[in-house]
Amino acid sequence: MKKIIIIGGGAGGFELATELGDKLGKTNQAAITLVDKNSYHLWKPLLHEVATGVLDEQVDNIYYASQGQQHYFQFTQGTFTNIDREKKQISFLNIKDETMFMDYDILVLAIGSTSNDFGTPGVKEHCIFLDDQNAAIRLRETLIAKFTSFCSIVDEKEIKDEDKIHIAIVGGGATGVELAAELPHMVEAFGACGRNKMCSDLLVVSVIEATDRILPALPAKTAASITQTLKNRGIRILTKTMITKAESDGFYPKEGNIIKADIMIWTAGVKAPDFLKEIAGLESSRSNQLVVKPTLQTTRDDNIFVIGDCAYAMQDNGHASPATAQAAQQMAKVCYENIVRLLNNQSLKVFKYVDKGTIITLHDTAQGVLKLIGKNEMSVKGRFALMIHRLLYRIHQASLLGIYKTIRFVSASKFMYKTKSSSIFTNRD
Ligand SMILES: Cc1cc2nc3c(=O)[nH]c(=O)nc-3n(C[C@H](O)[C@H](O)[C@H](O)COP(=O)(O)OP(=O)(O)OC[C@H]3O[C@@H](n4cnc5c(N)ncnc54)[C@H](O)[C@@H]3O)c2cc1C
C-alpha cells in the first residue's frame, strides 16, 4: 500500500488529509499520515481573536487524532526537521524531543509560514509574533498580565498620557490591522469583568507601516475607509515609518523619535521557515518557500508536493500565489486531485489561483472587496461583510467536519461561549 505523508495540519494540509483519508484511506488504497507539531487545529486567520480573547481555543479547536479516526488517516504529533529523498524518509522530533523517521511514497509539505523580521535588530528579542496558536495564547496572557498590573495604578492615581499602556504593532497588513481593531474591545471586556476603571481610553495602540498606506492588498479607497474607522476608535496609524531597530522601550524609526511601547508586536510580513531553504536539495525562493511546478510538485522531485504559504507557485500574471488561507485551500483541492491521478497514472491538473477577494474584520464590523466573475469587484461593508468572513470559517469547518457536524459544532460552541460569561470570552457573535 502506498504511504502518503502530509506535514502540517493547517488551512491547506488538514483539509487535504481529511479528503485523502475519505477517498484513499477508507478504501485501503493508501496509508495516509498527518504530522503536525501541535495536537489540535485552529484556523490561523482567527489567531488575532485568540490573542484578544474573542475566540477560545478550547472551544474552537479540532483534535487531529479524533479527526483522523473518523476520516481514515493516522496522526503523529512531531516537529518535522528534514527529508532524505534517496531513502524517501522524513525525520522529525517526537513529543519527547527524540529524532524519529518515517517512510513515504508521496510527501506533501504544508507547514505554513513564520514572521519575517527582515533582519531588523532587536525584533527577535523584544517582539511578539502571531505565528501560531501558542504564540497567540502567549500574547493574550501578556496582555492580561499587563492589564491586571495596570489596574492598581488606575485605582491609585490620575492617568496621564505617558502612563497609559502603549501597544505598537509593526505591519499594516491584515494581521496587524485586525489585531489592532480588537485591542480596545479587549480592554473594555476586561474592564467589564469587575475592573470598571479599565477602559479603552487607557490604551495607546499604534499601527506602524513603512509604505504610504495600510492594507496594500485592498483598493486605496477601501484602505482609506478602514484607516478612518481605526482612527475613530483611537488607533494611531503611522505610515511612511520605517523601523530600523527595536529595544526594550519601543521601536526606533529611520526618522523621528522612538515609538514607545510596553508591548511590541511584529506582523510585518511572512517567510517560510528558515530550515526549508534548499532542504534536501530542493529549489527554494528568496523567502525560503519551495518552488513548485504548476502541478504543485517540487521542481526537483515529483514525489514531493508543496501547498500553502510554504509553496512558491508562479502564476500566469508573473506573481507567485499569495500566502493566504484561500490560496492554501485552493492548492489543497488541486493537490488532492493530483495525488489521486498520480496513483492512477493519469495526467495531473494545473493549479491556477483564483482571487475571491479580501475582507478585513474590525471586531464588530468588517470591510473589503469580493471579486466577482469577469474580474468585477464588489465592495462589502458592515455586518454583511462580517457575516461573509465568518462564513469562510464555517466553510472551512464544513470541509473538515461535514455540514451536519458543523451545525452541531456551531450550536455547541455558541452555548459554551454563553456559559463562560464570567471570562473575557464574551464577545463572540
Ligand atoms: C491573524 C491572521 C489573520 C489572517 N487572515 C486571513 C484572511 O482573512 N484570509 C486569508 O485568506 N488568509 C488570512 N491569513 C493567512 C492565513 O492564515 C495563512 O495564509 C494560511 O493559514 C496558510 O495555510 P497553510 O496551510 O499554508 O499553513 P498554516 O495554516 O499556517 O498551517 C501550518 C501547519 O503546519 C504546522 N507546522 C509548522 N511547522 C511544522 C513543523 N516543523 N513540523 C510539523 N508541523 C509544523 C503548524 O502547526 C500548522 O498546523 C491570516 C493570518 C493571520 C496570522
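Residues numbered from 1 in each chain as written. Predicted model: local features only at pLDDT ≥ 70, side-chain atom pairs only at ≥ 80, totals over all residues. Heavy atoms only, no water.

Undergrad: Got a sec to walk through the domain arrangement of the protein chain? Specific residues and values, please.
TA: We note that the domain assignment places domain 1 (2-113 + 272-343), domain 2 (123-269) and domain 3 (357-419) within the protein chain. Each of domain 2 and domain 3 has a C-alpha centre, and these two points are 25 Å apart. Interface area, domain 2 with domain 3, both sides summed: about 1100 Å², of which 61% is carbon and sulfur. The tally of links between domain 2 and domain 3 comes to one salt bridge. The partner of Arg233 in a salt bridge is Asp364, and the shortest N-O contact between them spans 2.9 Å. Connecting domain 2 to domain 3 are five residue pairs in polar contact (both at pLDDT 80 or more). (Domains from an automatic or database assignment. Buried area = accessible area lost by both parts, 1.4 Å probe. Salt bridge = Lys/Arg side-chain N within 4 Å of Asp/Glu carboxyl O. Polar contact = N/O pair within 3.5 Å; in protein donor to acceptor, adjacent residues only side chain to side chain.)

Undergrad: Can you break down the site of the ligand residue by residue, with the values?
TA: The full set close to the ligand counts 31 residues, and Gly12, Asp36, Phe80, Asp309 and Ala325 are the nearest of them. The contact in question runs from an oxygen atom of the ligand to an N or O atom on the backbone of Gly12, over 2.9 Å. Between the ligand and Ala325 there is a distance of 2.9 Å, counted from an oxygen atom to a backbone nitrogen or oxygen. Considering the ligand on its own, with 1000 Å² of exposed area, one finds that the protein chains cover 89% of that surface. (Near = heavy atom within 4 Å. Areas by Shrake-Rupley, 256 points an atom, 1.4 Å probe, with all protein chains shown as cover.)

Undergrad: Would you mind going over the pattern of salt bridges in detail, with residue names and values included?
TA: Enumeration over the complete set of coordinates arrives at 15 salt bridges. Here Lys124 makes a salt bridge to Asp117, at a shortest N to O gap of 3.6 Å. Look at Asp117 and you get buried, because its relative accessible area is 9%. One salt bridge connects Lys245 with Glu247, and the closest N-O pair in it is separated by 3.0 Å. On the accessibility criterion, Lys245 (32% relative accessible area) is partly exposed. (Buried < 20%, exposed > 50% of the residue type's maximum accessible area, 1.4 Å probe, protein only.)

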